[in-house]
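# Descriptive structure summary
The residues making up each chain are set out below.
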Amino acid sequence: MRHPVVVAATWMVGALLSFSAMAVAVRELSANFGTFQLLAIRSLIGLAVISAILTRLGWTQVSFRNVRIHLGRNFVHFCGQFGWFYAIAFIPLAAVFAIEFTVPLWTVVFAALLLGERISPSRGLAVVLGIAGVLVILRPGWSIVHPAALVMLAGAFAYGLSHTLTKKLAGRDTPLCILFYMMLIQLPLGLVPAVFTWVTPAAAHWPWLIVVGITGLSAHYCMVRALSLADASVVVPLDFLRLPLIALVGYALYGERVDEYLVLGAGLILTGNFINLDRERKKIKPLEPIPQPRA
């Protein structure tokens, strides 16, 4: 039998490939479709998949008790998704992913503001390093900042708030319930504005659209499975491999080059994440061994 960490790493490979495939699919489709339409079709495909799973496992998992929290969470999550999809069309994939990795740091800030969680010195240092990393990547004042980078930064803020609201749902609703509401609520958020600029997909577009819809679910499913088998201290550093992987994908497919500012900024952001992760890991006390009865 394989070690649980090895199995967790295998699931994380699935997550890494899913995120990368989704980014490539969005880039390929962005020349023909608006961001709102891509988000609407993604939600429609995801809703069909989740509904099929719930039909098999039981719709009793869908609770109506926390609808208001779901509405708030999915509005800000939709804003984060919009920033991610929009930025992919205009700036290097590695820059999008680097800015996205500030999400855990903004989550720390929102958790302190909304949930009353304390910002420890290590958490504060992580946030400062994250902000410094973003400033190095964007270089305001030294170069013209692409608007898409600012949209992605706003998306990262929205993701951070979304993660904080997800904490409030944890333990109240099942993951399938959360995913169901995510697709159900975000479908009209994308569909209504997309109607005004709707482009009918051709047959050649549907494989990429299906990739967008499926990988959005598979990436999160693989990550949840990995976290169920190994500690976050093992899984999260593996997730950071998304950055060099997408940099290679961007170079191979689109000739995107990574400059020293992106490397330095990404390094600061990842260092902040590692510091926060390491301090949180050390807070968790190991379970004491259960005394064995004497023979």
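It should be noted that the structure appears before, not after, this text.
Let me sum up the structure you'll find in this document. Every value quoted in this text rests on a predicted model; they were computed, and no experiment measured them.

## Here we look at a nonpolar patch on the surface
There is a patch of nonpolar side chains on the surface, built from Leu191, Val192, Val195, Phe196 and Trp198 and spanning about 540 Å² of accessible area. By the element assignment, Trp198 lies in the loop between helix H8 (175–194) and helix H9 (206–229). Judged by relative accessible area, Trp198 falls into the partly exposed class, the value being 38%.

## Topic: the environment of Trp198
Between the C-alpha atoms of Trp198 and Phe33, which are 165 residues apart in sequence, the distance is 7.8 Å. Sequence-distant contacts of Trp198, defined by excluding residues within four places in its chain, comprise Gln37, Ile41 and Leu191.

## Things to note about the nonpolar core
Grouped together as the largest cluster of nonpolar side chains are 54 residues, with contacts concentrated most on Val26, Trp84, Val96, Phe97 and Leu243. Excluding residues within four positions of it along the chain, Leu243 makes contact with Ala94, Phe97, Ala98, Phe101, Ala266 and Leu270. Ranked by size, the runner-up nonpolar core spans 13 residues in total, among them Phe180, Met182, Met183 and Leu217.

## Focus: the packing of aromatic side chains
What the rule picks out here adds up to twelve aromatic pairs. Ring centres of Phe82 and Tyr86 lie 5.8 Å apart, and the angle between their planes is 10 degrees; this geometry places the pair in the stacked category. Within this pair, Phe82 and its partner Tyr86 are both found in helix H3 (residues 67–88), separated by four residues, close to a single helical turn. Taking the centre distance of 4.6 Å and the plane angle of 20 degrees together, the rings of Trp106 and Phe157 count as stacked. Residue Trp106 is located in helix H5 (residues 103–114), and its partner Phe157 is located in helix H7 (residues 147–169); the two are separated by 51 residues in the primary sequence. One aromatic cluster is present, formed by Phe36, Phe78, Phe82, Tyr86 and Phe90 through successive ring pairs. Positioned above the aromatic ring of Tyr254 is the side chain of Arg27, whose terminal nitrogen or guanidinium carbon lies 4.8 Å from the ring centre. Its guanidinium or amino end placed over the ring of Phe19, Arg242 lies 4.1 Å from that ring's centre, counting from NZ or CZ.

What counts and what doesn't
- Residues numbered from 1 in each chain as written.
- Predicted model: local features only at pLDDT ≥ 70, side-chain atom pairs only at ≥ 80, totals over all residues.
- Heavy atoms only, no water.
- Patch = residues over 30% accessible without salt bridge, like charges linked within 9 Å, V, L, I, M, F, W, Y side chains within 5 Å.
- Areas by Shrake-Rupley, 256 points an atom, 1.4 Å probe, with all protein chains shown as cover.
- Salt bridge = Lys/Arg side-chain N within 4 Å of Asp/Glu carboxyl O.
- Helix = DSSP H or I, 4+ residues; strand = E, 2+ residues; numbered from the N terminus.
- Buried < 20%, exposed > 50% of the residue type's maximum accessible area, 1.4 Å probe, protein only.
- Contact = heavy atoms within 4.5 Å.
- Core = buried A, V, L, I, M, F, W, Y, C linked by side-chain atoms within 4.5 Å.
- Phe/Tyr/Trp six-rings, centres within 6.5 Å; stacked < 30°, edge-to-face > 60°.
- Lys NZ or Arg CZ within 6 Å of the ring centre and 35° of its normal.

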